[in-house]
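# Coordinates in review
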Amino acid sequence: MSRRRMIYEGKAKILYEGPEPGTLIQYFKDDATAFNAQKRGTISGKGVLNNRISEHIFTLLGTIGIPTHFLRRLNMREQLIRQVEIVPIEVVVRNVAAGSLSTRLGIEEGTQLPRTIIEYYYKDDALGDPMIADEHIACFGWASQEEMNDIADMAIRINDFLCGLFAGIGVRLVDFKLEFGRLWENEYSRVILADEISPDGCRLWDMSSGEKLDKDRFRRDLGGEAEAYQEVARRLGLLKEGEANMVLDLDSHRKMRGK
Ligand code: TMP
Ligand code: ASP
C-alpha cells in the first residue's frame, strides 16, 4: 500500500491528501489534549466515536441548508472532506455559563444565559488562542465583514438546531466550538462549516443528572471519558446493537467506581 501524503497533523486529527483534487481525508485520533496541549492523554475509541458523531451532525446540518466540508465517511476513523482554507477564528457559542466564561466573569457554572453568546478566539497555539473582538478580526483582516455575517448567521442556526437535537436525547447543549473554512471557486470564495462537531468541542450535560458527557471529563480528571462519548453516540442512535451492548451503563459504571 502506498503511503498517503500527510497535509497537516493537529492535536486530535490528521489531514491526508484526498483521492481527488480539492478533497482531503480527515483521520480522527484517540489523542486528547487540554489547556493548549499542556495536558495530554488518550481516550480509547474516541477517534472512532467522534468520526461517527461528527458525520451524523454534519449530515443533519447539511439537510437544513448549512454548507459543510463533509463529503462522506470512509471507514471507522476517516472521512472524506472538501479542502478549505481554514478561517483562523474559533467560534464559541454559549447557552449556559461554564468553563472560561465562568472563570473569567465569575458566573456560576450551570447558570442559564438570558441570551446566546457568540465569542471569537484567534486560532494560534503559540498565543494560546486568545479571545478577540470583531474589531481585531476586521483590523487584521482574518475574515471580511461579509464572511463574519455568514459565520454568525450559521452559528446561530447551528445552535438552534443542535439544542433541539440534543434536547431530544436528554442532553443540555451548554456550549460548543465551531470552525469555518473558505471554499474557493475561481476568484470567489464562500465560508462553509469545517473541522468537527463532537464531545471534544462541546459541553454536553445529561438533562436530569447534570452528568458531563464531554471532554471536560478528561480536562477535569473526572474519569469515564470513553463511556461518556459512547453514551452520546448511543443516544444519537449511532451504535449498532452489538456495539450498544458493549457500552457500559453509566449508572452501573458509577456504582462500580463507588460514586
Ligand atoms: P471554554 O469554556 O474553555 O472557553 O470552552 C468553550 C467551548 O469550546 C467548550 O465546549 C470547549 C470548546 N473548546 C474547544 O473545542 N477547543 C478549545 O481549545 C477550547 C479552549 C474550548
Ligand atoms: N484542545 C485544546 C488544546 O489542547 C483545548 C481544549 O479542548 O480544552 O489545546
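This text follows the structure it describes.
### Considerations on the overall build of the protein
Across its full length, the protein holds eight helices and 14 strands. Taking 2.2 N^0.38 as the reference for a compact globule, 259 residues should give roughly 18 Å; the C-alpha atoms of the protein span a radius of gyration of 18 Å, in line with that estimate. The dimensions of the protein, computed from C-alpha atoms along their principal axes, are 60 × 55 × 35 Å. For the protein, with 259 residues in total, the buried portion stands at 48%. Contacts in the protein between residues at least 24 apart in sequence constitute 57% of all its contacts with a sequence separation of at least 6. Working note: accessible area of the protein is about 13,000 Å², and carbon and sulfur atoms make up 52% of it. Within the protein, one finds 36 positive and 41 negative side-chain charges whose respective centroids are separated by 4 Å.

### Some words on the site of ligand 1
Neighbouring ligand 1 are 14 residues, the closest being R94, S100, D175, K177 and R203. For ligand 1, an oxygen atom lies 2.6 Å from a polar atom in the side chain of S100. R203 places a side-chain nitrogen or oxygen 2.9 Å from an oxygen atom of ligand 1. Protein burial of ligand 1: of its 450 Å² of free accessible surface, 76% is covered by the chains. Of all elements in the fold, only β9 (89-96), α2 (99-105), β12 (171-185) and β14 (202-206) reach the threshold of two or more residues within the shell around ligand 1. Of the residues in the shell around ligand 1, the class split is five nonpolar, three polar and six charged.

### As for the site of ligand 2
Taken together, K11, T33, A34, F35, N36, A37, K215 and R219 are the residues near ligand 2. The side chain of K215 places a nitrogen or oxygen atom 2.9 Å from an oxygen atom of ligand 2. In this structure, an oxygen atom belonging to ligand 2 sits 2.6 Å away from a side-chain N or O atom of R219. In the complex, 74% of the free accessible area of ligand 2, which totals 270 Å², lies under the protein chains. Per-class residue counts for the shell around ligand 2 are three nonpolar, two polar and three charged.

### Some points on the environment of V48
For V48, the position within the fold is in helix α1 (residues 46-63). With 19 residues separating them along the chain, V48 and K29 place their C-alpha atoms 8.0 Å apart. Leaving out residues up to four positions away in the same chain, V48 has contacts with D30, M76 and R77.

### Topic: the packing of aromatic side chains
Applying the stated criterion to the full structure yields two aromatic pairs. Aromatic side chains Y122 and W142 sit 3.9 Å apart centroid to centroid with 15 degrees between the ring planes, which places their arrangement in the stacked category. Taken together, the residues span a long stretch of sequence, with Y122 in strand β10 (residues 112-122) and W142 in the loop between α3 (134-140) and α4 (145-167) at a distance of 20 residues. By relative accessible area, W142 is classed as buried at 16%. Ring centres of F140 and W142 lie 5.2 Å apart, and the angle between their planes is 35 degrees; on these two criteria the pair is classed as tilted.

### Digging into the environment of R219
By secondary structure assignment, the location of R219 is in helix α5 (residues 216-219). Sequence separation between R219 and T33 is 186 residues; the distance between their C-alpha atoms is 8.0 Å. Apart from the residues lying within four places of it in its own chain, the contact partners of R219 are A34, F35, K39, D200 and R203. Here the side chain of R219 touches D200 through a polar contact of 3.3 Å, landing on its backbone oxygen. Looking at R219, its side chain comes within polar contact range of the side chain of D216, at 2.8 Å.

### Re the sheet that holds strand β3 (residues 23-28)
Across the sheet, five strands lie side by side as β1-β2-β3-β7-β6; this open sheet has antiparallel pairing. Of all the strands in the sheet, just β1 (6-9) and β6 (70-73) have a single pairing partner and so form its edges. Strand-to-strand twist in this sheet, taken as the mean axis angle between neighbours without regard to direction, amounts to 25 degrees. Sheet topology places β1 next to strand β2 (residues 13-17); three bridges connect them, and they run antiparallel. In the sheet register, M6 faces β2, and the bridge partner there is Y16. Contacts from α1 reach β3, β6 and β7 (78-82), with the element oriented near 130 degrees to β6.

Thresholds applied
Residues numbered from 1 in each chain as written. Chains lettered and ligands numbered in written order. Predicted model: local features only at pLDDT ≥ 70, side-chain atom pairs only at ≥ 80, totals over all residues. Heavy atoms only, no water. Helix = DSSP H or I, 4+ residues; strand = E, 2+ residues; numbered from the N terminus. Rg over C-alpha atoms; globule rule 2.2 N^0.38 Å. Buried < 20%, exposed > 50% of the residue type's maximum accessible area, 1.4 Å probe, protein only. Contact = heavy atoms within 4.5 Å. Areas by Shrake-Rupley, 256 points an atom, 1.4 Å probe, with all protein chains shown as cover. Lys, Arg positive; Asp, Glu negative; His and termini not counted. Charge placed at Lys NZ, Arg CZ, Asp CG, Glu CD. Near = heavy atom within 4 Å. Polar contact = N/O pair within 3.5 Å; in protein donor to acceptor, adjacent residues only side chain to side chain. Nonpolar A, V, L, I, M, F, W, Y, C, P; charged D, E, K, R; others polar. Phe/Tyr/Trp six-rings, centres within 6.5 Å; stacked < 30°, edge-to-face > 60°. Pairing = 2+ DSSP bridges. Axes fitted to C-alpha atoms, helices over the stretch in contact; angles between N-to-C directions.

Nothing here speaks to function; it is geometry throughout.
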